[in-house]
Amino acid sequence: MGKVTGFLEIDRQDRKYRPASDRIRNFKEFIVPLPEQAIRDQASRCMECGIPFCHDMKGLKGCPVNNQIPDWNDLVYRGEWEQASKDLHSTNNFPEFTGRICPAPCEASCTLNIVDTPVTIKSIECAIVDKAWDNGWIKPQVNPRKTNKRIGIIGSGPAGLAAAQQLSRAGHNVVVYEKNKKMGGLLRYGIPDFKMEKTHIDRRLEQISAEGVHFQGGVELGVDIEISDMIKEHDAVILACGSEKPRDLAIEGRNSDGIHFAMDFLPQQNRRVGNENLKGTKEIIADGKHVVVIGGGEIRGQIV
Ligand SMILES: Cc1cc2nc3c(=O)[nH]c(=O)nc-3n(C[C@H](O)[C@H](O)[C@H](O)COP(=O)(O)OP(=O)(O)OC[C@H]3O[C@@H](n4cnc5c(N)ncnc54)[C@H](O)[C@@H]3O)c2cc1C
Ligand code: SF4
């Protein structure tokens, strides 16, 4: 445990949003990172609990990827950022994604949440990995010992990319097949830049490519390549295709004009912001319209 009395002396402080008047001028991220000393102070609030509820408790609550939260909180408090980054990457391939967009069940589970002031775990995680990129500590990890096994992964969302990185580091030859032009799945086409800019995905793709993974964009399995051919050509195939079926509402008026599934609208807007060609697409534009959103899940926050 870093500072024994940290949680008694230091109030919870978290990242703030840029003012709305700034946010509407561009599509960039609008969360303002905390200064280094503030992050270290926040890390010192961690009590390094005997039973750290922030850490996954047999899949019941806490961090779904078993991040070793109390360990890296302590390292950050001590200013040992590079070691904190190694520790964080030992359980999480892409902490810069989760540090920005994870709903942070770790904070909901933190013992200090008993009094509504959990440790700012997500901001600490994000600060560790951002610092690691800034300092060049994150490099391709190439395994020189090859197994000569060929693995095909269908889908380049976070699941496909994490599987590709792990399998390539184990020495396998990995190819990722993606039906979209660019890699990233819903990270790229569902989640808008204001929550996570696409440069974070591009930087990881460079690292994963340098580790030996091959990417084939614009290839739809079952359409461009038969799955039976894919099975023949690979020693193993991983399905990481996500879940693309929206839940419809069988109610009166459903077929009226101007009613869209969110995931017909959001990928278009992400393509527009990413300067992709929308030729041939029936565009859905919300400019100047009054919009009603049905459903209060993650998607609601994307349409602002
Ligand atoms: C609008 C929106 C906002 C979200 N916001 C958040 C958030 O803030 N925080 C959070 O934690 N989660 C959020 N999520 C959820 C998160 O994005 C998903 O849980 C995550 O992307 C799932 O990862 P995945 O790799 O399983 O699938 P996906 O990201 O869906 O990737 C699957 C990939 O497989 C490809 N594919 C499918 N079929 C084929 C085929 N036949 N051939 C080739 N390629 C194929 C698809 O094109 C896609 O690229 C959000 C989701 C949406 C829709
Ligand atoms: S539950 Fe909270 S206080 Fe306890 S170890 Fe985890 S982050 Fe630290």
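So, how was this worked out
- Residues numbered from 1 in each chain as written.
- Chains lettered and ligands numbered in written order.
- Predicted model: local features only at pLDDT ≥ 70, side-chain atom pairs only at ≥ 80, totals over all residues.
- Buried ≥ 20, exposed ≤ 12 C-beta atoms within 10 Å, placed from the backbone.
- Helix = DSSP H or I, 4+ residues; strand = E, 2+ residues; numbered from the N terminus.
- Arc of directions from axis to C-beta.
- Contact = placed C-beta atoms within 7 Å.
- Expected span 1.5 Å × (residues − 1).
- Near = placed C-beta within 6 Å.
- Nonpolar A, V, L, I, M, F, W, Y, C, P; charged D, E, K, R; others polar.
- Pairing = 2+ DSSP bridges.
- Domains from an automatic or database assignment.

(A) Region of the structure containing helix α5 (residues 81-89). Burial in α5 covers these residues: Trp81, Ala84, Ser85, Asp87 and Leu88. Buried residues in α5, looked at end-on, bunch into an arc of 165 degrees, giving them a common side. At its buried positions, α5 is contacted by α4 (69-77), α6 (95-101) and α8 (121-134).

(B) Seen up close, α8. The end-to-end C-alpha distance of α8, which contains 14 residues, comes to 20 Å, matching closely the 20 Å that a straight helix rising 1.5 Å per residue would cover. When we look at burial in α8, the residues that qualify are Ile121, Lys122, Ser123, Ile124, Glu125, Cys126, Ala127, Ile128, Val129 and Ala132. At the exit of α8 stands Gly136, carrying a positive phi of roughly 70 degrees.

(C) Looking closely at the site of ligand 2. Taken together, 15 residues lie around ligand 2, and Cys46, Cys49, Pro52, Cys54 and Cys110 are the ones closest in. Among the elements that line the shell around ligand 2, the one with the most residues is α4, at 3 residues. Along the lines of polarity and charge, the residues of the shell around ligand 2 split into 12 nonpolar, 2 polar and 1 charged.

(D) Focus on the pairing of strand β4 (residues 173-178). Both strand β3 (residues 150-154) and β4 contribute to a ladder of 5 bridges, which runs parallel. Bridging from a neighbouring strand, Gly152 pairs with Val175 of β4.

(E) Expanded view of the domain arrangement of the protein chain. We note that the domain assignment places domain 1 (6-134), domain 2 (150-239) and domain 3 (246-304) within the protein chain. In this structure, domain 1 and domain 2 have C-alpha centres spaced 28 Å apart. Counting from both sides, the interface comprises 11 residues of domain 1 and, opposite them, 14 residues of domain 2. For the side of domain 1 that touches domain 2, the leading source of residues is α6, giving 4 residues. Taken together, the residues of the side of domain 1 that touches domain 2 break down into 6 nonpolar, 1 polar and 4 charged.

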